[in-house]
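This is what each chain is made of:
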Amino acid sequence: MSPSPLTDFSRLCVHTITTKPWVIEEAMDRYAAADVGGITVWRQWLEGRDPESIGEKLRSRNLEIVSLCRGGFFPSDSDAGLAAAIEDNRAAIREAAALGAPMIVLVCGAVPGQPLEDSRKQIADGIAAVVPLAEEHGIRLAIEPLHPMYADDRSAINTLASANEVCDRLDHPLVGIAADVYHIWWDPDLADQIRITGEKDRLFAFHVCDWKTPTSDFLNDRGLMGEGCIDIPGIRALVEAAGFSGFNEVEIFSDRWWAQDQDHFLTEIKKAYLEHC
Ligand code: ZN
């Protein structure tokens, strides 16, 4: 299945982590100059900044703020840890509101050695605890299932089906899913689960990068679109068939690309976006 080709950058969103060497002010100027349509701001980029004024600057450059990345990490083996996680997620919601971001991406968390089922319950309980504040500010919460290789310490939610279960449990219009090709491309239930996610009006975000063979580092060796084996256009066709019409968010963790000139990298991202998304 191939989707209609992308011909401009109006639906291209870049995550600030993708161009990690750039601070937020540099990133916004370069993205705007490159005609990038949207930006997802990672929370570290707001450290020492006033989120409200950063939000104004982003809007004045015609960059749509797609989301704030990231909340989550709810599971803990102590009550104090569980409470701290909820407080941190409330802080993220307030930051998103000040920035003017309509959505927070949740990397849900896990505790090594703790049964994944226990972590999943803590995740559902944690999200439920912060939903009232999200409601107050109208912020959507997007659960991002992570590839199972991260099930030890980054997320106990590893498939779209598992994310859908948590969403079913919470049954709230502000709680949905961020689909990232890096994490879900291998899933034999991919097509069905994307369709179900769309039918339930909870497909909130779509992230792209590529899976390199071989991959030298499972966190920081992600590929630019076209460098790996993921059928990105095929997955984009599925999410669009499921009703998704939002941004295609480029989120690449790569020591290799971060070591290069970031203006060159941004040019390559734009090229890859048109050719391989
Ligand atoms: Zn992602």
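Residues numbered from 1 in each chain as written. Predicted model: local features only at pLDDT ≥ 70, side-chain atom pairs only at ≥ 80, totals over all residues. Heavy atoms only, no water.

Trainee: Can you walk me through the side chain of His207 in this structure?
Mentor: Within the secondary structure, His207 is located in strand E7 (residues 203–208). Within the structure, His207 has its side chain in polar contact with the side chain of Glu144 (distance 3.3 Å). A distance of 3.1 Å separates polar atoms of two side chains, one belonging to His207 and the other to Glu251. What His207 contacts, discounting residues up to four positions off in sequence, is His15, Val105, Glu144, Ala178, Ala179, Asp180, Val181, Glu249 and Glu251. (Helix = DSSP H or I, 4+ residues; strand = E, 2+ residues; numbered from the N terminus. Polar contact = N/O pair within 3.5 Å; in protein donor to acceptor, adjacent residues only side chain to side chain. Contact = heavy atoms within 4.5 Å.)

Trainee: Honestly, the sheet that holds strand E8 (residues 248–250) in this entry has me stumped. Any pointers?
Mentor: Where strands meet in a sheet, backbone hydrogen bonds hold them as pairs that are either parallel or antiparallel. Pairing is parallel in the closed barrel, where eight strands are placed in the order E1-E2-E3-E4-E5-E6-E7-E8. Sheet twist, expressed as the average angle between the axes of neighbouring strands with direction ignored, equals 30°. In this sheet, E7 lies alongside strand E6 (residues 175–180) in parallel orientation, the contact comprising four bridges. Each residue of the ladder has a partner; that of Ala179, found in E7, is Phe206. (Pairing = 2+ DSSP bridges. Axes fitted to C-alpha atoms, helices over the stretch in contact; angles between N-to-C directions.)

Trainee: I would appreciate a short explanation of the nonpolar core in the present structure.
Mentor: Core analysis: the biggest nonpolar cluster contains 95 residues, and Ile127, Ile143 and Met225 have the highest contact counts within it. No other element matches helix H4 (residues 116–137), which puts seven residues into this core. Setting aside its immediate chain neighbours within four residues, Ile143 contacts Leu106, Cys108, Ile127, Ile157, Ala163, Val166, Cys167, Val175, Gly176, Ile177 and Ala178. (Core = buried A, V, L, I, M, F, W, Y, C linked by side-chain atoms within 4.5 Å. Buried < 20%, exposed > 50% of the residue type's maximum accessible area, 1.4 Å probe, protein only.)

Trainee: Teacher, can you tell me more about the layout of surface pockets here?
Mentor: Taken as a whole, the largest pocket holds about 160 Å³ of empty space. In terms of lining, the largest pocket is formed by 13 residues, of which the most central are Val66, Met103, Arg140, Phe204 and Phe247. Listed by contribution, the elements that provide at least two residues to the lining of the largest pocket are strand E3 (64–72) and E7. (1 Å grid on protein atoms, 1.4 Å probe; cavity = no way out; pocket = protein on both sides within 12 Å on 5 of 7 lines; lining within 4 Å. Points joined across faces, edges and corners; volume = space filled by probe spheres on them.)

Trainee: What's the story with the coordination of the zinc ion in this structure? I'm lost.
Mentor: Each protein donor to the zinc ion is listed here as Glu144 (OE), Asp180 (OD), His207 (ND1) and Glu251 (OE); together their distances run 2.0 to 2.2 Å. All donor residues of the zinc ion come from one chain, and their arrangement in sequence is E-x35-D-x26-H-x43-E. With Asp180 in strand E6 and His207 in strand E7, this residue pair connects regions lying 27 residues apart in the sequence. The exposure classification of Asp180 matches that of His207, with both residues buried. (Donors = N, O, S within 2.8 Å, 3.2 Å for Na, K, Ca; no water.)

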